[in-house]
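Observations on the model geometry
One-letter residues, chain by chain:
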Amino acid sequence: MKLLVTGGAGFIGSNFILSILKKSEEYQVVNFDVLTYAGNLANLKSVEKNPSYSFIKGDIADNNAVGEVMKTGIDVVINFAAESHVDRSIMDPNTFISTNVLGTNLLLSAARENNIKLFIQISTDEVYGSLGPTGLFTEDSPLDPTSPYSASKTSADLLALAYFKTYGLPVIITRCSNNYGPYQFPEKLIPLFITNALEDKPLPVYGDGMNIRDWIHAEDHASAIEAVMKNGRPGEVYNIGGNSERTNIEITEYILKTLGKPKSLIRFVEDRLGHDRRYAIDSTKIMSELGWKPQYSFEKAMDETVLWYTENNSWWEEIKSGKYKDYYLNLYGKLE
Ligand code: NAD
Ligand code: TDX
């Protein structure tokens, strides 16, 4: 079975490719990625010579490139490619629209022309907006995105469902909660805070630090996508969660404690605009229908993740002191 994995050089895409190639020889994986700041082929070094894996540098918002790759006997498309960082979308929404909305539309259109057997749109719990102190997002929760990022992902979801309803393209949407694990770009909460703590740099906690996310290890997300690919029903949405709600300050203190670093590294800074207060996922549908469940406990996943960044310092040091040095100098400058 030939899989077109878009955005496979990013955090979750690369974890998915590594996991699926380890599990079975039945898959051929074509990784199609334009390599933005977040795309990193070093994540896939261990499979670059694997005959079941190939890489094509290409943009999902480039009609010709998408048309060419889709003609190569692809069975299943899994669209991870996206601009994924909420803070960047608040500063400049434009690329979020071109990749997340227009790019997804081009992929859907080319998939339709080539009679692709299944199109999995990797979406997010952020499409549901923010929860109060109680309750969980189900697949029927209203769509109520807050940021330009989540609005662009919601638009892509609606387009994907429209291709199912209008043209009968077999589309499935997955909406997962916050991921963590190896190879996450160190701009997101967990890798930024682990690497800052390792460098004895300050940890910028937005607002009062009481915002809640439902954390899931990227390998558990990967196994959920595999379950959806094997047995999911076209036209359906599947929520994926880790059943691990934590406040940001709990995450921050866990990282500091694990690394033996002082709480004095914490800086409470100005809040994110439109900051969603709480996300929490009801995964009943995927668990009961597809028999999936997360394998990691929060503590095991967190401890392994902290260890991974500690042992793989060259991976993130190259990012933080190389091409993106100015980004981090600017960030630390604001915190001192
Ligand atoms: P990421 O930013 O680490 O990786 C995105 C990848 O997409 C990069 O390799 C990048 O080069 C590639 N890309 C971006 N624009 C592209 C384009 N125009 N054409 C081709 N490739 C392009 O993101 P991630 O955290 O791995 O997220 C992957 C997907 O999962 C996204 O769709 C995101 O919305 C979704 N998601 C993420 C999380 C999370 O916690 N990170 C949770 C739920 C859903
Ligand atoms: O420096 C920080 N300080 C801080 O307090 C950063 C980067 C984040 N935060 C807070 C904001 C959020 O409440 O931590 C929480 C998590 O922030 P992010 O890591 O930026 O993730 P989030 O905004 O929740 O979005 C993530 O989960 C859903 C992914 O980036 C999205 O791609 C995914 O769809």
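First, a word on what this report is: a plain description of the structure on this page. (Residues numbered from 1 in each chain as written. Chains lettered and ligands numbered in written order. Predicted model: local features only at pLDDT ≥ 70, side-chain atom pairs only at ≥ 80, totals over all residues. Heavy atoms only, no water.)

**Observations regarding the overall build of the protein**
Filter applied, for reference: Here a strand is any run of E in DSSP of at least two residues, a helix any run of H or I of at least four, and the numbering for each starts at the N terminus. Every radius of gyration here is taken over C-alpha atoms, with the globule rule written as 2.2 Å times N^0.38, N being the number of residues. Whether a residue is buried, partly exposed or exposed follows from its accessible area with a 1.4 Å probe, protein chains only, as a fraction of its type maximum: under 20%, in between, or over 50%, in that order. Pairs of residues are marked as contacts when any of their non-hydrogen atoms sit within 4.5 Å. The accessible surface values rely on the Shrake-Rupley method and a 1.4 Å probe; as for residues, cover is taken only from the protein chains in view. Asp and Glu are treated as the negative residues and Lys and Arg as the positive ones, with His and the ends of the chain left uncounted. Here the site of a charge means NZ on Lys, CZ on Arg, CG on Asp, or CD on Glu.
Secondary structure assignment for the protein yields 12 helices and 12 strands. Since a compact globule built from 336 residues should have a radius of gyration of about 20 Å, the 19 Å found for the protein is in line with a globular shape. Out of the 336 residues belonging to the protein, those deemed buried represent 55%. In the protein, once contacts between residues fewer than 6 apart in sequence are set aside, the share between residues at least 24 apart is 82%. For the protein, the exposed surface amounts to about 14400 Å²; the carbon and sulfur share of it is 51%. Here the protein contributes 33 positively and 43 negatively charged side chains, and the mean placements of these two sets differ by 2 Å.

**Topic: the site of ligand 1**
So the rule is basically this: Nearness is defined per residue: one heavy atom within 4 Å of the molecule or strand is enough. Each polar contact in these results corresponds to two N or O atoms within 3.5 Å; when the atoms are within protein, one needs to be able to donate a hydrogen and the other to accept it, and residues that are neighboring in sequence are counted only if both atoms are side-chain atoms. Classes in brief: Ala, Val, Leu, Ile, Met, Phe, Trp, Tyr, Cys and Pro nonpolar; Asp, Glu, Lys and Arg charged; the others, Gly included, polar.
Lining the immediate surroundings of ligand 1 are 28 residues, of which Ile12, Asp33, Ser84, Tyr149 and Lys153 lie closest. A distance of 2.7 Å is found between an oxygen atom of ligand 1 and a backbone nitrogen or oxygen belonging to Ile12. The separation between an oxygen atom of ligand 1 and a polar side-chain atom of Tyr149 is 2.6 Å. Computed on the free molecule, ligand 1 has an accessible area of 830 Å², of which 96% lies beneath the protein chains in the complex. Among the elements of the structure, α1 (11–23), β5 (118–124), α5 (148–167) and β7 (178–180) are those that each provide at least two residues to the shell around ligand 1. By residue class, the composition of the shell around ligand 1 is 13 nonpolar, 12 polar and three charged.

**Focus: the sheet that holds strand β9 (residues 212–217)**
The strands making up a sheet associate through backbone hydrogen bonding, with each pair oriented either parallel or antiparallel. Which entries qualify depends on this criterion: Strand pairing requires that DSSP identify at least two bridges connecting the strands. All axes are obtained by fitting lines to C-alpha atoms, using only the stretch in contact for helices, and the reported angles, taken between N-to-C directions, cover 0 to 180 degrees.
Overall, mixed pairing links the three strands, which are arranged β7-β9-β11 in an open sheet. Every other strand in the sheet has two partners, leaving β7 and β11 (245–247) as the edge strands with one partner each. Averaged over all neighbouring strand pairs, the angle between strand axes comes to 50°, with direction disregarded. Sheet analysis places β9 next to β11, joined by three bridges and oriented antiparallel. Bridged to Ile212 within β11 is Thr247.

**What about unusual backbone geometry?**
Unlike most non-glycine residues, Leu35 shows phi in positive territory, near 60°. Along the polypeptide, Leu35 turns up in the loop between β2 (28–33) and β3 (53–57). Judged by its relative accessible area of 26%, Leu35 falls in the partly exposed class.

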